[in-house]
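Here is how the chains run, residue by residue.
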Amino acid sequence: MVDTTMGAGIAGFATMATICLLYTSISTVGPTEYGILFNRLTGSVYSAHPRGAGIYFISPVLGFHYFPAYNRTLELSNKRWADGPSIECRTGPDENDPDSGGQPVTLHLSFVYRIRKEDISKIYQSFAMYYEQRLVMFARQAAGDIVQRFEPTLFWQNRKLATDQLLKELKHELKREGFVQVHSIQLLGAAFNRKYEATIIGIQLATQARTTSQYRQQVVRVLKEIDILEAETIAKVTKIYADADAFAEVLTNNVTNDGFSIVQDAKANGYHLFYQKLGWRQADILKYMQIQSIHTHDSDGLMVGIGANTDSATGL
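Quick caveat: nothing in here was measured; it's all calculated off a predicted structure. (Residues numbered from 1 in each chain as written. Predicted model: local features only at pLDDT ≥ 70, side-chain atom pairs only at ≥ 80, totals over all residues. Heavy atoms only, no water.)

**Student:** How would you summarise the pattern of salt bridges if you had to cite specific residues and measurements?
**Tutor:** Enumeration according to the criterion identifies 10 salt bridges in this entry. For Arg176, the salt bridge identified is with Glu173, shortest N-O distance 2.8 Å. Pair noted here: Arg176 and Glu173 are both in helix H5 (residues 159–177), with a separation of three residues, about one helical turn. Residue Arg176 is classed as partly exposed on the basis of its relative accessible area of 46%. Sharing partners across several salt bridges, the network here consists of Arg116, Glu118, Asp119 and Lys122. (Salt bridge = Lys/Arg side-chain N within 4 Å of Asp/Glu carboxyl O. Helix = DSSP H or I, 4+ residues; strand = E, 2+ residues; numbered from the N terminus. Buried < 20%, exposed > 50% of the residue type's maximum accessible area, 1.4 Å probe, protein only.)

Below is the structure:
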């Protein structure tokens, strides 16, 4: 009975030991990670063959150091969660003031990098697991070097060019020194000395005021041109109306004269036919016309001589 109990205990212990051994011998690498084996007892690292995502059966004395298999962002700024402090550096001289020796500037930026699987061995051998601290250092050095070639005005006159130049320099330096691939960069801020920024603002305000004044002068010039065009248009319209009125007046007078002539001609022809029909002489015609004039006149005190060879008169 005792032997049976002891055998069962040994079997149970062996089972538990086997389970523990199996549990400690199984390790995983996540889908967004790379892993390199290391010996927990000796500290030796087997970095020549990084492992991708998967489940691995390894010795209990072995473990994994993990590296990201995705894009990582490092920020250099004065924020408390930043990966490194902002970059204190100095620009090149201003072309308008070559003796100035440049301006001190504080850069705040972030960049995105990625580790390739084939570069993990070099990264670990060079920096162990402190590679991000070294990447921050390399980025600070590269940014400081390239900014010395910039004019101070580049940061507000052509910020995109400044960012592109910084990206180009970081790509080159971090690939050469840090064995990583830089994909993008964001220039979060460029802070100059307060006095220099005040001078910049004053210059910009003066430039803006001059530009605004030029625009106002252009507006006044355009308004004057509009007034001139309006006056010219009014003059042209007035002339057109005057020409039209004069033409209409001439046309009306011509038509009136033509009508009067036609009427007189018609009357003359009518009288001629009338006289011929009655067989009147010229003296008869004159008497008839005198009588017609008397009948058509409205005056109440008109004296008219009826006969040219008589002394008699008619009083009306």
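**Student:** Outline the nonpolar core, supporting the account with residue identities and numerical values.
**Tutor:** In terms of nonpolar packing, the biggest core is built from 43 residues, with Phe67, Phe111, Tyr113, Val147 and Leu174 touching the most fellow members. Broken down by element, the residue count for this core peaks at nine residues, all from helix H3 (residues 131–147). Other than its neighbours up to four places away in sequence, Phe111 contacts Arg72, Thr73, Leu74, Leu135, Ala139, Leu170, Leu174, Val182, Ser184 and Ile185. (Core = buried A, V, L, I, M, F, W, Y, C linked by side-chain atoms within 4.5 Å. Contact = heavy atoms within 4.5 Å.)

**Student:** Describe the confidence of the model for the chain, listing the residues and the values that go with them.
**Tutor:** Overall, the predicted model of the chain reaches an average pLDDT of 84, with 84% of residues at or above 70. Note that residues 308–316 has pLDDT below 50 and, in this model, 12 contacts with residues that lie over four places away or in other chains. (pLDDT = per-residue confidence, 0-100.)

**Student:** Quick rundown of the environment of Arg140? Include the residues and the values.
**Tutor:** The topology assignment puts Arg140 in helix H3. For the pair Arg140 and Ile87, spaced 53 residues apart in sequence, the C-alpha separation works out to 6.0 Å. Setting aside chain neighbours within four positions, we find Arg140 in contact with Leu76, Pro85, Ser86 and Ile87. Polar side-chain contacts of Arg140 include one of 2.9 Å to the backbone oxygen of Pro85. (Polar contact = N/O pair within 3.5 Å; in protein donor to acceptor, adjacent residues only side chain to side chain.)

**Student:** Hey, could you go over the sheet that holds strand S2 (residues 33–39) for me, with residue numbers and the actual values?
**Tutor:** Taken in spatial order, the three strands make up an open sheet running S3-S2-S5, and their pairing is antiparallel. Every interior strand has two partners, whereas the edge strands, strand S3 (45–51) and strand S5 (62–68), have only one. On average, each strand axis in the sheet is tilted by 30° relative to the strand beside it, whichever way the strands run. Taken together, the seven bridges between S2 and S5 define a ladder with antiparallel strand orientation. Looking at the pairing, Tyr34 lines up with Phe67 of S5. (Pairing = 2+ DSSP bridges. Axes fitted to C-alpha atoms, helices over the stretch in contact; angles between N-to-C directions.)

**Student:** Help me get a handle on the packing of H3 against H5, residues and values and all.
**Tutor:** As a packed pair, H3 and H5 sit with axes 9 Å apart at the nearest point and diverge in direction by 135°. The pairing of H3 with H5 is recorded here as oblique in orientation. Crossing geometry of H3 relative to H5 is assigned as right-handed. Note on element contacts: H5 touches H3 through Gln165, Leu166, Glu169, Leu170, Glu173, Leu174 and Glu177, opposite Leu135, Phe138, Ala139, Ala142, Ala143, Ile146 and Val147. When grouped by side-chain class, the residues that make up the contact of H3 with H5 number 10 nonpolar, one polar and three charged. (Parallel < 35°, antiparallel > 145°, perpendicular 65-115°, else oblique. Left-handed = near helix turned anticlockwise from the far one by under 90°. Nonpolar A, V, L, I, M, F, W, Y, C, P; charged D, E, K, R; others polar.)

**Student:** Describe the packing of aromatic side chains, naming the residues involved and giving the relevant values.
**Tutor:** Here the structure, examined in full by the defined rule, presents eight aromatic pairs. For the pair Trp156 and Phe192, a centre-to-centre distance of 6.0 Å together with 80° between the ring planes defines the contact as edge-to-face. You can see Trp156 sitting in helix H4 (residues 154–157) and its partner Phe192 sitting in strand S9 (residues 181–192), a full 36 residues away along the chain. Since its relative accessible area comes to 31%, Trp156 is described here as partly exposed. Residue classification places Phe192 among the buried positions, given a relative accessible area of 10%. Feature note: the residues Phe150, Phe155, Trp156 and Phe192 constitute an aromatic cluster, connected by ring pairs. (Phe/Tyr/Trp six-rings, centres within 6.5 Å; stacked < 30°, edge-to-face > 60°.)

**Student:** Would you mind going over the pairing of S3 in detail, with residue names and values included?
**Tutor:** Here S2 pairs with S3 via three bridges, running antiparallel. In the strand pairing of S3, Gly35 is matched with Arg51. Here S2 hands over to S3 after five residues, with Gly43 in that stretch at a positive phi of 80°.

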